[in-house]
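# Observations on the model geometry
Here's the letter readout for the chains.
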Amino acid sequence: MNPSTSTPTELLNERDAADLLGLRPPTLRAWRFQRRGPAFVRLGRTVRYRRADLLAFLDDATVTPGASATPTP
């Protein structure tokens, strides 16, 4: 897979999705069964992950040190 030719709607297999997130495929598999982790697409018995969903998952998991957990009015 060449990152320069990828698109946000590109579908990644479990191994490539795990690589992008820095995880092992069994972690993604466990998260799917627990209904947590990034959104995924099920095509029959095949599971794929949209690149855009993986990047959004990373954005949502980003912690900014020193930032308030609750917005102040």
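Preceding this section is the structure that the text describes.
Definitions and limits used
- Throughout this description, residue numbers start from 1 for each chain and increase along the sequence as written.
- Local features in a predicted model are, by the rule used here, given only for residues with pLDDT of at least 70; side-chain atom pairs are given and counted only at 80 or more, and totals for whole chains, interfaces and linings are based on all residues.
- Where side-chain values are given, they derive from all heavy atoms of the structure, hydrogens and water being excluded.
- Starting at the N terminus, helices and strands are each numbered in turn, a helix being any DSSP run of H or I of at least four residues and a strand any DSSP run of E of at least two.
- The classification of residues rests on relative accessible area computed with a 1.4 Å probe and restricted to protein chains. Under 20% of the type maximum is buried, over 50% is exposed, and intermediate values are partly exposed.
- Polar contacts, as counted here, are pairs of nitrogen or oxygen atoms within 3.5 Å of one another; within protein the pair requires one atom able to donate a hydrogen and one able to accept it, and residues that are adjacent in sequence qualify only if both atoms are side-chain atoms.
- Stacked, edge-to-face and tilted labels apply to pairs of Phe, Tyr and Trp rings (six-membered ring for Trp) whose centres lie within 6.5 Å, assigned for plane angles under 30 degrees, over 60, and everything in between, in that order.
- Working rule: Lys NZ or Arg CZ, within 6 Å of ring centre, within 35 degrees of ring normal, means a charge sits over the ring.
- Should DSSP find at least two bridges between two strands, the strands are taken to pair.
- Each C-beta atom gives one direction from the helix axis, and the arc is the one those directions make.
- Pairs of residues are marked as contacts when any of their non-hydrogen atoms sit within 4.5 Å.

### Overview of the side chain of Arg 32
- Position of Arg 32 relative to the elements: it lies in helix H2 (residues 25-33).
- Owing to a relative accessible area of 11%, Arg 32 belongs among the buried residues under this scheme.
- Side-chain polar atoms of Arg 32 contact the side chain of Tyr 49, separated by 2.9 Å.

### Comments concerning the packing of aromatic side chains
- Tallying each qualifying case throughout the model produces two aromatic pairs.
- Ring geometry for Trp 31 against Phe 57: centres 5.8 Å apart, planes inclined by 55°, an arrangement best described as tilted. With Trp 31 in helix H2 and Phe 57 in helix H3 (residues 51-61), this residue pair connects regions lying 26 residues apart in the sequence.
- Of the residues examined, Trp 31 reaches a relative accessible area of 17% and is grouped as buried.
- By relative accessible area, which is 23% here, Phe 57 ends up partly exposed.
- A cation over an aromatic ring shows up here: Arg 32 above the ring of Phe 40, its NZ or CZ 5.8 Å from the ring centre.

### Side note on the sheet that holds strand S2 (residues 41-43)
- Strand order across the open sheet formed by three strands is S1-S3-S2, with antiparallel pairing between neighbours. Bordering the open sheet on either side are strand S1 (11-12) and S2, each of which pairs with just one other strand.
- Here S1 runs beside strand S3 (residues 46-50); their pairing, made up of two bridges, is antiparallel. Bridged to Leu 11 within S3 is Arg 50.

### Topic: helix H1 (residues 14-21)
- Of the positions making up H1, those classed as buried are Glu 14, Ala 17, Ala 18 and Leu 21. What you see down the axis of H1 is that its buried residues fit within an arc of 100°, all on one side. Along H1, exposed side chains directed more than 90 degrees from the buried face belong to Arg 15 and Asp 19.
- Packing partners of the buried residues in H1 comprise S1, H2, S3 and H3.
- For H1, the side-chain oxygen to backbone nitrogen distance between the N-cap and Arg 15 is 3.2 Å, and the N-cap itself is Asn 13.

Everything listed here is a matter of coordinates, which is why it stays silent on function.
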